[in-house]
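Here is what each chain is made of, one letter per residue.
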Amino acid sequence: MKNRSIARSAYLRVSVGLVVFSAGVFLAVLGFGTFGNVLAQPRVLVPGSIKGNETAVTVHYTYGRVPMQGQGPTHILAADRPIATAPAFVDRPARSAQPQTNPWRLQATLSGVVTDLAFPTASTGYAAAELGRVWKTTDGGETWTVIMDLGFPYYWYGVDALSENDVVISGFDNSNFRGLLRWSHDGGQTWDPDVVLTTDGWSTRVRFADVQNGLVLDLISLSQPNAAHYTTNGGETADDWTQVTPDPVGGWFGNQFSFLPSLRARASGITYCDSTNGGATWGCRPSIDEVFDGPTFFLDDTSGWVGGGSISPEVRGWVHRTTDGGVTWSERLMDAPWPI
C-alpha cells in the first residue's frame, strides 16, 4: 500500500513526466501513434482512415518519446516497418528466427510536454500537449504546424482522429477543475466550444471505437475514484456523454487505456477493470502486478499488455502479457530502469 500511495502521488505531481515508452515491447503495440517516413522500404500509403482499413501491405509506423520533465521540449523518434505476410515465415526455422530491427532517427522536437498522438492516415497526424497546444502534420511527421495555442489554463491530455478532418481533443481547465473535450471537423482550422464533461475533475485520454462510440477516463477530485465518460451517439455535446465509476473501491487508473472496435475496453492501475459494452458497465479485479499497473493496450480481443513501475524504494518498471484476453497473465517480462 505504501508503494501505491507514493506512486499515485508522484503521478499526480509530474503527470506524464515519468511515463516512458519501452522500445523493446510497446513500440510494436502502441498503435495509436503512427508516423514517419519509410526508412528501409517505400512507403505504402493507406487511403482514408486507417481504423478498420488495414491490409497485409499496410506499413505500421511506430514512435517513441524521450523521457523528460517540466516545460522543456518533447523529442519524437520514428521508425517504420512493413507488416510481413504469412508466407514470409513459413519456411523460417523457429529457433534461428531473428526479430526484424529498424533504425531510429530524431524526427521532430516540439516545445512543451506532448501527451498524445493520433494518425488517421500515414501522412496526416495530430499531437496534443499541455498549455493548450495542438500540432498537425501532413507529411508523416517530417514537419509540424501549431493549430491551437491557448496557453494556460488549458492542458490537453488526449487526441483521437476519426478521419483527416474529424478530430477530438481531451483535457482540462486547470483554473477550475473542469474536464473538457473540443471538436474540429475541418482538420483543426476551427474548433467547436468546450464540451464540459465534469466540473470536478480532469479528463485524460479520449478514444473512439467508431464514429458513434467513444470513451474518456477522468481523474475526479483527489478524494474520489476515477470516473469514465462514454458516448454512443458521437459525443458532440455534453448531453451525449454519461459518467460512470468503473471501480468505486480501487479508484485510480493510468492515462493509457484500451478501446477496441468490438467496444471492449480495459483500464489498469490500482485495479484492473474490463468492460464489454463500451464503458457502460465494468468488472474489476486486483491489479495484474502485485504493486500496481500503469498503461494497458490490447491489439485485439486476445493479445494484450500492461505496464507498471515503482519509484520507491527503487525506481523500476515492468510489463505483463496476456494471450487469452486477460484471463491469465505472464510474470514480469522485463526489468526496465523507469516506470512504464
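Quick look at the structure, then. Please read these numbers as outputs of a predicted model, since none were measured by experiment. (Residues numbered from 1 in each chain as written. Predicted model: local features only at pLDDT ≥ 70, side-chain atom pairs only at ≥ 80, totals over all residues. Heavy atoms only, no water.)

## Considering the pattern of salt bridges
Any two side chains of opposite charge can pair, on the condition that their charged atoms come close. Using the criterion set out here, one finds 12 salt bridges in the structure. We note a salt bridge from Arg316 to Asp335, for which the minimum N-O separation is 3.4 Å. Of this pair, Arg316 sits in strand β22 (residues 316-322) while Asp335 sits in the segment after β22, placing them 19 residues apart in sequence. Under the relative-accessibility criterion, Asp335 is labelled exposed at 57%. Salt bridges here are not isolated pairs; linked through shared partners, they connect Asp173, Arg178, Arg182 and Asp194. (Salt bridge = Lys/Arg side-chain N within 4 Å of Asp/Glu carboxyl O. Helix = DSSP H or I, 4+ residues; strand = E, 2+ residues; numbered from the N terminus. Buried < 20%, exposed > 50% of the residue type's maximum accessible area, 1.4 Å probe, protein only.)

## Observations regarding the side chain of Asp240
With respect to the helices, strands and loops of the structure, Asp240 is situated in the loop between β14 (227-231) and β15 (242-244). Residues in contact with Asp240, not counting those within four places in the same chain, are Tyr230, Thr231, Thr232, Asn233 and Gly235. (Contact = heavy atoms within 4.5 Å.)

## Considerations on the sheet that holds strand β12 (residues 201-208)
Strand order in this open sheet of 4 strands is β12-β13-β14-β15, and the pairing throughout is antiparallel. Only two strands of the sheet have a single partner each, and these edge strands are β12 and β15. Strand after strand, the sheet turns through a mean of 25° between neighbouring axes, direction not considered. Both β12 and strand β13 (residues 214-220) contribute to a ladder of 6 bridges, which runs antiparallel. When the bridges of β13 are listed, Gly201 appears paired with Ile220. (Pairing = 2+ DSSP bridges. Axes fitted to C-alpha atoms, helices over the stretch in contact; angles between N-to-C directions.)

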